Amino acid sequence: MNILVLNCGSSSIKFQVIATDLERIEKNTDERLAHGIVEFHGGQAIVTLSAEGKAAHHSTAPLRDTRAAVKLILNWVISKESEVKAIKSKSDIHAVGHRVVHGGEKFKASVLITGEVLSDIEECIELAPLHNSANIQGINASREIFGEEMPNIAVFDTAFHQTLSEKAFLYALPYQLYRRHKIRRYGFHGTSHRYVAYRFRQLEKIEREKVNIITLHLGNGCSAAAIKNGDSIDTSMGMTPLEGLVMGTRAGDFDPAIIDFIAAKEGLSALEIESLVNKQSGLLGISGLTNDMRELLAEAKENGDRRARLAIEIFCYRASKYIGAYLAAMNGADAIVFTGGIGENSPEVRRLICEKLSWMGIEIDPLLNETFSNGSEGIISKDKARVKVYVIPTNEELLIARDAVRLTSNDASGL
Ligand code: AMP
């Protein structure tokens, strides 16, 4: 089967076309056929399209909306010029998988989208207004372009964390707020945490129930998850993706009383403060330079920039503390897994996070650690360390495509 995977955001649409089926999933021989991104800039969009193994095509197009963008993607995929293997017409695409950010308490796994499912996703809009609205536009565009017969699948960022127990997901706020408005921790990046947990069990050749690990997704957004007996039992992002680790531009944990204090001192509105803590904080806010970890590392090394160093230090310190907390929550773990742009590619950040954790049995082999900086997968802990440390590149699109295969083949076993 060929699956079109759509990740529709408020300012961009990413896509992949992946050839996979139940046999390929079993043998791990899925194949990416094409990928690309449409970035909206006002009425104009920058379009980058690549067939696997071929050079990327760059162009601009006057695209009005999501529907126009999905149409452009499809027209390119099926065109002769694109040279996308095995796809010649619309009918060579067999299902469309959608990333949906918020599934609330309703969605505990991926689902085939029906009219009822779509209205349930709409009900979650208030929990993630920008994200879910964009995701729904993608679903509607796909339904219009491919017709009613095409299976559309929703894969939720929150679903993997629906196994959290009340003690982990409830805030110590008046309980009525949960009852009335469903204010609680939901967690995000679930597809990524689920994917690396799955790869970990393949690499270790163990069953799902034996997976006891802490996964750290460190990219522009960052989150940690405690995975016990294969299930997520705690995670650092909360009701929204703001809580937890220090991120590219998000503050992560901070005292909520600061919000009123800033409002009074700086004369900012609630909306302005929301933007400040989500878009101007984190690595960018501390360094005053950039949210890009690569640049901060270079700046700290080449120019000894104090604030770049401070941003890296605070980022790593917070991540170490979460590892300690989750080791306590899980009564110990067998491994720590690093993923995401920073986790997969930065030996220095991994070293800084792990260097104070030897007491807990976490010890990185410096030479092995250096060998993982280009998206490869493997173990970086010392031979005799009590807790293994892995680097596993994430692949959310692959998991979305595989879920689409499982749901259209009525095989719920891997969901
Ligand atoms: P993501 O959101 O997963 O794409 O991750 C983006 C982040 O990964 C950015 O902060 C990048 O600077 C960071 N990143 C990518 N490559 C490297 C690298 N080689 N070293 C450090 N950080 C990196």
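Preceding block: the structure.
First, a word on scope: everything that follows refers to the structure included in this document. Throughout, residues of each chain are indexed from 1 in the direction in which the sequence is written. In view of the model being predicted, local features appear only for residues whose pLDDT reaches at least 70, and side-chain atom pairs are presented and counted only at 80 or more, with totals across whole chains, interfaces and linings using the full set of residues. Working from all heavy atoms in the structure, the side-chain values ignore hydrogens and water.

### Brief notes about the sheet that holds strand β5 (residues 57-61)
What counts here: In short, DSSP must find at least two bridges between two strands for them to pair. Here a strand is any run of E in DSSP of at least two residues, a helix any run of H or I of at least four, and the numbering for each starts at the N terminus. For this analysis, residues touch if any pair of their heavy atoms sits within 4.5 Å. All axes are obtained by fitting lines to C-alpha atoms, using only the stretch in contact for helices, and the reported angles, taken between N-to-C directions, cover 0 to 180 degrees.
Reading across the sheet, the eight strands line up as β5-β4-β3-β2-β1-β6-β8-β7 and stay open at both edges, with mixed pairing between neighbours. In the strand order of this sheet, the two ends are held by β5 and β7 (111-112), each with one partner. Bridge count between strand β6 (residues 95-100) and strand β8 (residues 152-156): five bridges; the pairing is parallel. Paired with R99 across the bridge in β8 is V155. The strands that helix α4 (residues 129-146) touches are β1 (2-8), β6 and β8; relative to β6, the one it contacts most, it runs at about 170 degrees. Most of the contacts of helix α16 (residues 396-408) go to β1, to which it runs at about 125 degrees, and overall it touches β1, β2 (12-19), β6, β7 and β8.

### Looking at the nonpolar core
Convention followed: Residues enter a nonpolar core if they are buried and are Ala, Val, Leu, Ile, Met, Phe, Trp, Tyr or Cys, with the set joined through side-chain atoms within 4.5 Å. The rule is simple: take the accessible area with a 1.4 Å probe, protein chains only, and divide by the maximum for that residue type; under 20% is buried, over 50% is exposed, in between is partly exposed.
Among the nonpolar cores identified, the biggest contains 44 residues, and L218, F315, I323, I336, V349, I353 and I362 are the most heavily contacted of them. At the level of elements, β9 (213-218), β10 (222-228), α11 (293-303), α12 (306-330), β12 (335-339), α14 (347-354) and β14 (388-391) are the ones that each hand at least two residues to this core. Top element by residues in this core is α12. It accounts for eleven residues. Those residues in contact with L218 that lie beyond four places of it in its chain are L245, F315, F338, T339, G340, G341, I342, G343, V349 and I353. Ranked by size, the runner-up nonpolar core spans 31 residues in total, among them I13, A19, L33 and V77.

### Quick notes on the sheet that holds β12
Across a sheet, paired strands are connected by hydrogen bonds in the backbone, their directions being either parallel or antiparallel. Read from one edge of the open sheet, six strands run β11-β10-β9-β12-β14-β13, paired in mixed fashion. Edge positions in the open sheet fall to β11 (231-235) and β13 (378-379), since each of these has one partner strand only. Note that β10 and β11 share four bridges and pair antiparallel. Note on β11: the bridge partner recorded for A226 is D234. Running at roughly 15 degrees to β10, α12 makes contact with β9, β10, β11 and β12 of the sheet.

### Regarding the site of the ligand
As a reminder, the rule being used: Near residues are defined by distance, with any heavy atom within 4 Å of the molecule or strand qualifying the residue. We call two N or O atoms a polar contact when they sit within 3.5 Å, provided that within protein one can donate a hydrogen and the other can accept it, with sequence-adjacent residues counted only if both atoms are side-chain atoms. All accessible-area figures derive from a Shrake-Rupley calculation using a 1.4 Å probe, and residue coverage is judged against the displayed protein chains alone. In the scheme used here, Gly and all other residues not listed as nonpolar or charged are polar, with Ala, Val, Leu, Ile, Met, Phe, Trp, Tyr, Cys and Pro taken as nonpolar and Asp, Glu, Lys and Arg as charged.
As a structural note, the neighbourhood of the ligand is formed by G219, N220, N291, D292, M293, R294, L297, G340, G341, I342, N345 and S346. At a separation of 3.1 Å, an oxygen atom of the ligand approaches a polar backbone atom of M293. Here an oxygen atom of the ligand and a backbone polar atom of G341 are 2.8 Å apart. Taking 500 Å² as the accessible area of the ligand by itself, protein coverage stands at 71%. Those elements that provide at least two residues to the shell around the ligand are α11 and α13 (340-345). If one sorts the elements of the shell around the ligand by residue count, α13 sits on top with four residues. Taken together, the residues of the shell around the ligand break down into three nonpolar, seven polar and two charged.

### Quick notes on the pairing of β12
In terms of residue burial, β12 counts as a mostly covered element, since five of its five residues are buried. Across the two faces of β12 the burial is the same, with A335, V337 and T339 and I336 and F338 all buried. Summarising the sheet, β9 and β12 pair through five bridges and their orientation is parallel. Note that in β12 the partner of I213 across the bridge is A335.

### Here's the deal with the packing of α12 against α14
Our working rule: For classification purposes, angles smaller than 35 degrees are called roughly parallel, those larger than 145 roughly antiparallel, those between 65 and 115 roughly perpendicular, and all remaining angles oblique. The sense of a crossing depends on the near helix, which, turned anticlockwise from the far helix by less than a right angle, makes the crossing left-handed and, turned clockwise, makes it right-handed.
Where α12 meets α14, the closest approach of the two axes is 8 Å, and the angle between their N-to-C directions is 55 degrees. When the axes of α12 and α14 are compared, the pair comes out oblique. In this structure, α12 crosses over α14, and the sense of that crossing is right-handed. Between α12 and α14, the residues in contact are I312, F315, C316, A319, S320 and I323 and V349, L352 and I353, respectively. Residue composition of the contact of α12 with α14, grouped by class: eight nonpolar, one polar and no charged.

### Quick word on the packing of aromatic side chains
The following threshold applies: Aromatic pairing here means that ring centres of Phe, Tyr or Trp (its six-membered ring) are within 6.5 Å. Orientation follows from the plane angle: under 30 degrees is stacked, over 60 is edge-to-face, and everything else is tilted. In this analysis the charged atom, NZ for Lys or CZ for Arg, is taken to sit over a ring once it is within 6 Å of the ring centre and within 35 degrees of the ring normal.
Within the structure shown, the criterion is met by seven aromatic pairs. Taken together, a centroid distance of 5.7 Å and an interplanar angle of 50 degrees make the contact between F169 and Y178 tilted. Comparing F169 with Y178 shows no difference in burial state: the two are buried. Each ring, one from Y175 and one from Y178, has its centre 5.6 Å from the other, and the planes form 70 degrees; the classification is edge-to-face. Remark: Y178 and Y175 occur in helix α6 (residues 175-181); sequence separation between them is three residues, near one turn of the helix. The rings of F169, Y175 and Y178 are connected pair by pair, giving a single aromatic cluster. Sitting above the plane of the F169 ring, R184 keeps its charged end 3.6 Å from the centroid. Positioned above the aromatic ring of Y186 is the side chain of R184, whose terminal nitrogen or guanidinium carbon lies 4.7 Å from the ring centre.

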